[in-house]
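Below are the chains, spelled out letter by letter.
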Amino acid sequence: MKLSAKTKICLIIGDPVEHSLSPAMHNAGYEALGIDNQFVYLGARVKVKDVGIAIQAMRKMGIHGLTCTIPHKVAVIKYLDEIDETAKKIGAVNTVLNQKGKLIGFNTDWQGAVIPLEKITVLSDKKVMVLGAGGAARAVVFGLLKKRAKVKIFNRTKEKAMELTKEFNCLSGDLNNQEEIKDFDIIVNTTSVGMKPLEKETPISTKFISDKQIVFDIVYTPVETKLLREAKKRGAKIIHGIEMLLHQGMAQFEIYTGHKAPEKVMRRILYEKY
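In what follows, the accompanying structure is described. Quantities reported herein were computed from a predicted structural model and do not represent experimental measurements.

In spatial order, the strands read E2-E1-E3-E5-E6-E4; together these six strands make up an open sheet with mixed pairing. Whereas interior strands pair on both sides, the edge strands pair on one side only; in this sheet they are strand E2 (39–45) and strand E4 (82–83). Across four bridges, strand E1 (residues 8–14) lies against strand E3 (residues 65–68) in parallel orientation. Its bridge partner lying in E3, Ile 12 is registered against Thr 67. The strands touched by helix H1 (residues 22–33) within the sheet are E1 and E2, with E2 carrying the most contacts at an inclination of about 175°.

As structure tokens, this is what we get:
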């Protein structure tokens, strides 16, 4: 890389963040386009209680772009100057751009969810089971409804699922009624179940999954979660979490740099890292 004092810094914050492949993906993209003298992408572990300090540091140090991962996607909002309309509707921000001192929040997670699904199916009128009710779930639900899918949200804490359903005008379900799993065309896991230390668990029983379904797990470490392994055994089409990471990152890359993201290079580096 060709770094100098003029190089703009982009940074991912999360807790944890050490597992993130975003720095490798973005930096590979910068190098491929020959703009690695203009941009560099780093990572920093930040506790929720310190998000405000991180945003203040972004202002003071002139950090160009800030990527927010778990658990900062909602907490960051109150510290920003402006939120774009999509991020407002989602109620979560994963991308912050420093535009001459003005901090603007965006959300590209919904693109990360929708684009991989649209590569293999038409979403309109599809029945989709969304597992989880956090910041990532908000983006997934928004994207699916935007594409006119029929969404039902399931969460261990029913109250959180119901809050989301009221906000997005969709349905909520009961995880105790697992037989309902077989009624959905698509299942999307937005929870952390499947990620360490829960890599031996699945968010739902897999015995009701069939070869007529698509199963998408946004967890990408490990690259193939137990949910995806079991779904594949049952003949379902599966989508790895890396695909969401890639497509939300590509949209983010374009916000940060103004350049079209080099998809092949960015996908290759993600799979090489595994």
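This part takes up the sheet that holds strand E9 (residues 171–172). The six strands lie next to each other as E9-E8-E7-E10-E11-E12, forming an open sheet whose pairing is parallel. The open sheet has two edge strands, E9 and strand E12 (237–239), and neither has a second partner. Pairing of strand E10 (residues 186–189) with strand E11 (residues 214–217), which is carried by four bridges, proceeds in the parallel orientation. From the neighbouring strand, Val 188 faces E11, where its bridge partner is Phe 216. Here helix H7 (residues 226–233) sits on the sheet and contacts E10, E11 and E12; the angle it forms with E11, its principal contact strand, is near 165°.

With that settled, the discussion passes to the packing of helix H4 (residues 109–118) against helix H8 (residues 241–257). Taken N-terminus to C-terminus, the directions of H4 and H8 make an angle of 125°; their axes are 7 Å apart at the nearest point. By the angle between their axes, H4 is oblique relative to H8. For the pair H4 and H8, the crossing hand works out as right-handed. Contacts from Asp 109, Gln 111, Gly 112, Ala 113, Ile 115 and Pro 116 in H4 reach Glu 243, Met 244, His 247, Gln 248 and Ala 251 in H8.

The linkage connecting Lys 196 with the following residue, Pro 197, adopts the cis geometry, with an omega of 5°. Mapped onto the elements, Pro 197 comes out in the loop between E10 and E11. The phi torsion at Lys 100 lies on the positive side, around 55°, for a residue other than glycine. Inspection of the secondary structure assignment puts Lys 100 in the loop between strand E5 (95–99) and strand E6 (102–106). Although it is not a glycine, Arg 148 sits at a positive phi angle of roughly 65°.

Take the packing of aromatic side chains next. Going through the model one piece at a time under the given rule, you end up with four aromatic pairs. Summarising the aromatic geometry, the rings of Phe 154 and Phe 184 are spaced 5.8 Å apart at their centres and angled 85° between planes, so their arrangement reads as edge-to-face. Here Phe 184 lies in the loop between E9 and E10 and Phe 154 lies in strand E8 (residues 150–154), a separation of 30 residues in the sequence. Per residue, the accessibility class of Phe 154 equals that of Phe 184, and both read buried. By the ring-pair criterion, three or more aromatic residues cluster together here, those being Tyr 30, Phe 39 and Phe 253. The ring of Phe 184 has Lys 127 lying over it, and the distance from NZ or CZ to the ring centre is 5.7 Å.

Rules used in this analysis
- Residues numbered from 1 in each chain as written.
- Predicted model: local features only at pLDDT ≥ 70, side-chain atom pairs only at ≥ 80, totals over all residues.
- Heavy atoms only, no water.
- Pairing = 2+ DSSP bridges.
- Helix = DSSP H or I, 4+ residues; strand = E, 2+ residues; numbered from the N terminus.
- Contact = heavy atoms within 4.5 Å.
- Axes fitted to C-alpha atoms, helices over the stretch in contact; angles between N-to-C directions.
- Parallel < 35°, antiparallel > 145°, perpendicular 65-115°, else oblique.
- Left-handed = near helix turned anticlockwise from the far one by under 90°.
- Phe/Tyr/Trp six-rings, centres within 6.5 Å; stacked < 30°, edge-to-face > 60°.
- Buried < 20%, exposed > 50% of the residue type's maximum accessible area, 1.4 Å probe, protein only.
- Lys NZ or Arg CZ within 6 Å of the ring centre and 35° of its normal.

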